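Listed here are the chains, written in short residue letters.
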Amino acid sequence: MKEYPQMLSVLRIAALLAVLAPLGAASARDYQTQDSCDGFPKVFLKTRPGLCVGLVASHLGFARGVTIIGHDVFVLDMGGWRKGQGRLLRLKQDGHAPLEVLLSGLDKPSALVAGPDGALYMGVAGRIVRVDLSGTKPEMRDVVTGLPETGRHPLTALAFAPDGQLYINIGSATDHCETPDDDAPDAQKACSETAQNPPRASIVSVRPGPGAVAWKDAKLVATGLRNSMGLAVLPNGTLVAAVNARDAINKADPNLSDTALPHDTYDVIRPGANYGWPYCFDNNLPSPEYPHHACADMEKPALLLPAHAAPLGLLAYQGDALPDLQGQLVVPYHGYRKTGHRIMTLKISAGGEPVGVPEPLVWGWEGRTPLSPVGAPVSVAEMADGSLLVSEDHNGTLLRIAKSDVHGETH
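These numbers come from a predicted model, not from an experiment.

Scoring rules and cut-offs
Residues numbered from 1 in each chain as written. Predicted model: local features only at pLDDT ≥ 70, side-chain atom pairs only at ≥ 80, totals over all residues. Heavy atoms only, no water. Disulfide = S-S within 2.5 Å. Helix = DSSP H or I, 4+ residues; strand = E, 2+ residues; numbered from the N terminus. Buried < 20%, exposed > 50% of the residue type's maximum accessible area, 1.4 Å probe, protein only. Pairing = 2+ DSSP bridges.

Draft legend 1. Molecular detail of the state of the cysteines. Applying the stated criterion across every chain yields a total of 3 disulfides. Through a disulfide, Cys37 is tied to Cys52; the S-S separation comes to 2.1 Å. The sign of the 85° torsion about the S-S bond sets the Cys37-Cys52 disulfide as right-handed. With a gap of 15 residues between them, Cys37 in strand β1 (residues 33-37) and Cys52 in strand β4 (residues 51-57) connect regions that are remote in the sequence. The exposure classification of Cys37 matches that of Cys52, with both residues buried. The partner cysteine of Cys280 in its disulfide is Cys295, sulfur to sulfur 2.1 Å. Between Cys280 and Cys295, the S-S dihedral sits near -95°, and the bridge is therefore left-handed. Of this pair, Cys280 sits in strand β21 (residues 280-281) while Cys295 sits in the loop between β22 (285-286) and β23 (303-307), placing them 15 residues apart in sequence. Sequence-ordered numbering of the disulfide-bonded cysteines in the protein chain gives the connectivity 1-2, 3-4, 5-6.

Shown next as C-alpha cells:
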C-alpha cells in the first residue's frame, strides 16, 4: 500500500467502519480472542516460538503512529483522509486503562514519536508539532511549518537521533514523476520534484528549539527516496530507512512485472547521498522512463525488500525481554498485496548493514479464516518491559507482541 489518497477508497471505508464499530455489533474486522497473552486477550495470529499477540485496544479509527512515555501509551487516529478528523489518544497503565481522547480535530496526524524533552512530536498536515503534556491539558506548538501537503505522499515519518536531531521524511508528490495527466515524464529533463529547492522525495532534519523552522530552512540529509515511511536511528546515530518504491512499472515497460517489481528497499542513509528516485529502481537499474540515466552514480539500497510490501514503520529493538530480537530491526509490512500484512525482523551490523534477509515475526493476517481479519500493521513501539506495541489502521486496533507461557504460538 502506497501512501496516496487518490487510491485509498477501500481504506477510507475501512476507517469509517472502524469509527462506527463501537455503535453497532461486532464487525468483520474484529478479532476473535482466546486465553491470555501476558495479560491481554490473545488473538489468533502466528508468531515465532515463545511469543504471542494480545489485543490491547480496538475501535481506534485509522490507527497510525504509536509511542510510549513512561507507562502511558499514545496512539494517533488519523481519521482517514478527510480533513480535521484526527485524534490523539492515550491509554494509561501500559495500555490497561480506558481510552482517553487528548486532542481531536487534527488534520491527518500520522507520525508520532517521544522527544528527549519528554514531549510528543507529531506529524500533521503541513507541519510538525510539539505536544506538551505537563499541564492540565495538552498544548501544541509548531516545530516545522510549510511541509508539502500535495500529491501522493503528504504524510511524514519521524525519528529522533541521540544528539537531538529530528529526522523527517518528505515523500514524493508523484509515483515516478508522471505528468498531471498520468503521461510519462520527459526523459530529457530533470524531474521537477528533484530540481526544486528543497526537493521532494527526501529526508531532512531539524533540531527543535523554542521557535518554528520553515521546511525550506531544514537541513537536507538525503534525496532520491520516494517515500521513506520507515525511519529509525541506531544507537550509534546511523539513520536507516524502509522506503516504498514506485508502482505501475509495467505500464512503462510491459516486459517488467508489476507483481515482482520494483522492490521496496532498506537503506542505510549516507548524508548527501542520492538514492535515485525517479530515475532508478532496485540495484541502480534505470527506470524505463529514464533508460539512459547514469544510475551507477546513485547510492545503492542496502537490501531489496519484497515488491509492494509497503513498510510504513521501522524500529531498532533495544530491549532484552525478547532476546531473539536483540540487535535487530522490526519491519511491519503494511501492503495490501500478498507480500504485505506481516511483521518481519532484520539482523543488522552496528552500522546498519543487513546480515541475512528479513525473517517472519508475526503473520497469519490474510483473513482466510473468521478468527483473524486481514491485517495492516503500521507502527511499532517498544515498551519499557521490552514487549512491542503495533498499530493497525485497517482494523483500528493496537496489538502487543510479548512472551508466551506456551512454547510457539503457531495457531
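Draft legend 2. Summary view of the pairing of strand β27 (residues 359-363). Pairing of strand β3 (residues 46-47) with β27, which is carried by 2 bridges, proceeds in the antiparallel orientation. Note that in β27 the partner of Lys46 across the bridge is Trp363. Pairing geometry for strand β26 (residues 342-347) and β27, over 3 bridges, is antiparallel. When the sheet's bridge partners are listed, Thr345 is paired in β27 with Glu359.

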